[in-house]
Amino acid sequence: MKYLQDIGSYFLMLKRVFGSFTKTSVLRHLIFKEINDLIISSLGIVAFISFFVGGVVAIQTALNMDNPLIPKSLIGFATRQSVVLEFAPTFISIIMAGKVGSFITSSIGSMRVTEQIDALEVMGINSLNYLVFPKIVALMFYPFVIVFSMFLGIMGGWVAGVYGGFASSSDFIAGLQEDFIPYHLFYAFFKTFVFSFILATVPSWQGYYMKGGALEVGKASTNSFVWTSVLIIAANYIITQLLLSA
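Nothing here was measured: the structure is a model prediction, and the numbers come from that model.

About the thresholds
Residues numbered from 1 in each chain as written. Predicted model: local features only at pLDDT ≥ 70, side-chain atom pairs only at ≥ 80, totals over all residues. Heavy atoms only, no water. Axes fitted to C-alpha atoms, helices over the stretch in contact; angles between N-to-C directions. Helix = DSSP H or I, 4+ residues; strand = E, 2+ residues; numbered from the N terminus. Parallel < 35°, antiparallel > 145°, perpendicular 65-115°, else oblique. Left-handed = near helix turned anticlockwise from the far one by under 90°. Nonpolar A, V, L, I, M, F, W, Y, C, P; charged D, E, K, R; others polar. 1 Å grid on protein atoms, 1.4 Å probe; cavity = no way out; pocket = protein on both sides within 12 Å on 5 of 7 lines; lining within 4 Å. Points joined across faces, edges and corners; volume = space filled by probe spheres on them. Salt bridge = Lys/Arg side-chain N within 4 Å of Asp/Glu carboxyl O. Buried < 20%, exposed > 50% of the residue type's maximum accessible area, 1.4 Å probe, protein only. Expected span 1.5 Å × (residues − 1). Contact = heavy atoms within 4.5 Å. UniProt positions renumbered as here; feature names shortened; annotations may be inferred. Phe/Tyr/Trp six-rings, centres within 6.5 Å; stacked < 30°, edge-to-face > 60°. Lys NZ or Arg CZ within 6 Å of the ring centre and 35° of its normal.

Colleague: I'd like to hear about the packing of helix α4 (residues 73-113) against helix α9 (residues 182-208), residue by residue, with values.
Modeller: For the pair α4 and α9, the least separation of the axes is 8 Å and the interaxial angle reads 15°. Accordingly, the angle class assigned to the pair α4 and α9 is roughly parallel. Between α4 and α9 lies a crossing whose hand is right-handed. Residues that form the contact of α4 with α9 fall into these classes: 15 nonpolar, 11 polar and 3 charged.

Laid out in structure tokens, this is it:
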């Protein structure tokens, strides 16, 4: 029964987020602040993880190619497929659920504990629109983070493959170009937009409806990461089944 109540409160929250808008001049300032907090501040960790995981994918592919008849271009092909289809959109989104999701939940939860949200309501401001809508808009720029991740993941694979002596640069690049299907990019970015909406709304919901003090803020942040990750993985399965299995 509690799960039904949670689902209901989540959708009621979404209804309020898109109703009774705050002044445009105020929202503009909030949106730029959220872009800085949620997108730009995440580029460092995304760059670090993407580069080295791309390198690991290339090395593991090369080390598992025992048959000399298998072309070395397969290393570039496997790196591209792994990074574009799953690693960049899904794995990075789960990392962001920990970084961005916890930040959103703790910031809104702290406002709930210190009664700042109550103060917004008393002033006649739609607190959900004021707090959550800028985060949704800011995370619409999240696909640019994924493009950045894809580029660095493939670059990391190239560095590991070429300078590790597993493949020549021409072989790796030939593998990147081999059997490229543009529809895979549509699939990757479609689910990225879905994940960005989950990243913005689920942690906000956890923070907004939490009750208690500072200890409960920590618990809400943990629940936020767990449920955001679960929903991202479930959405990934559903989208993959709908878009790629047809």
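On we go from here.
Colleague: Residue-level account of the layout of surface pockets, with values.
Modeller: The volume enclosed by the largest pocket comes to roughly 740 Å³. What lines the largest pocket is a set of 22 residues, and nearest its centre among them are D6, I7, W205, Q206 and W227. Secondary structure elements with two or more residues in the lining of the largest pocket: α1 (2-17), α9 and α10 (214-243). If you tally residues by element for the lining of the largest pocket, the top one is α1, at 8 residues. Put simply, the second largest pocket is a space of about 200 Å³. L30, K33, E34, D37, F103, S107, I108, M111, Y130, L131, P134 and K135 are the residues that line the second largest pocket. Looking at the lining of the second largest pocket, the elements with two or more residues in it are α2 (24-39), α4 and α6 (127-138).

Colleague: How would you explain the pattern of salt bridges if you had to name every residue and give the values?
Modeller: Throughout the structure, instances matching the rule amount to 5 salt bridges. Between K33 and D37 there is a salt bridge; the shortest N-O distance is 2.9 Å. Of this pair, K33 and D37 both sit in helix α2, 4 residues apart, which is roughly one turn of the helix. Accessibility expressed as a relative area gives 43% for K33, which makes it partly exposed. In this structure, the salt-bridge partner of E34 is K135, at a minimum N-O distance of 2.9 Å. Taken together, the positions of E34 in helix α2 and K135 in helix α6 put the pair 101 residues apart, joining distant regions of the chain.

Colleague: Tell me about helix α3 (residues 43-63), and please be specific about residues and values.
Modeller: In this model, α3 (21 residues) spans 30 Å end to end at C-alpha, consistent with the 30 Å of a helix rising 1.5 Å per residue. Within α3 the residues assigned to the buried category are V46, A47, I49, S50, G54, G55, V57, A58, T61 and A62. As for α3, its buried residues are in contact with α4 and α7 (142-163).

Colleague: So what's going on with the UniProt feature "transmembrane region" (unreviewed entry) in the protein? Which residues, and what values?
Modeller: With numbering matched to this structure, UniProt assigns "transmembrane region" (unreviewed entry) to residues 38-63, 83-104, 136-164, 185-205 and 225-244. When the span residues 83-104 is considered, its composition is 100% helix and 0% strand, and the gap between its end C-alpha atoms is 27 Å. Secondary structure across residues 136-164 comprises 86% helix and 0% strand; the distance between its end C-alpha atoms is 42 Å.

Colleague: Kindly report on the packing of aromatic side chains, identifying the contributing residues and their values.
Modeller: Taken as a whole and judged by the stated rule, the model has 12 aromatic pairs. Taking 5.0 Å as the distance between ring centres and 55° as the angle between the ring planes, the aromatic pair formed by F48 and F52 counts as tilted. Remark: F52 and F48 occur in helix α3; sequence separation between them is 4 residues, near one turn of the helix. On the basis of relative accessible area, F52 is assigned to the partly exposed category, the value being 47%. Geometry around Y208 places R112 over its ring, the cationic atom sitting 4.6 Å from the centre.

Colleague: I'd like to hear about the environment of F87, residue by residue, with values.
Modeller: Among the secondary structure elements, F87 is positioned in helix α4. Apart from residues lying up to four places away in sequence, F87 is in contact with I49, S50, V53, S82, I92 and S149.

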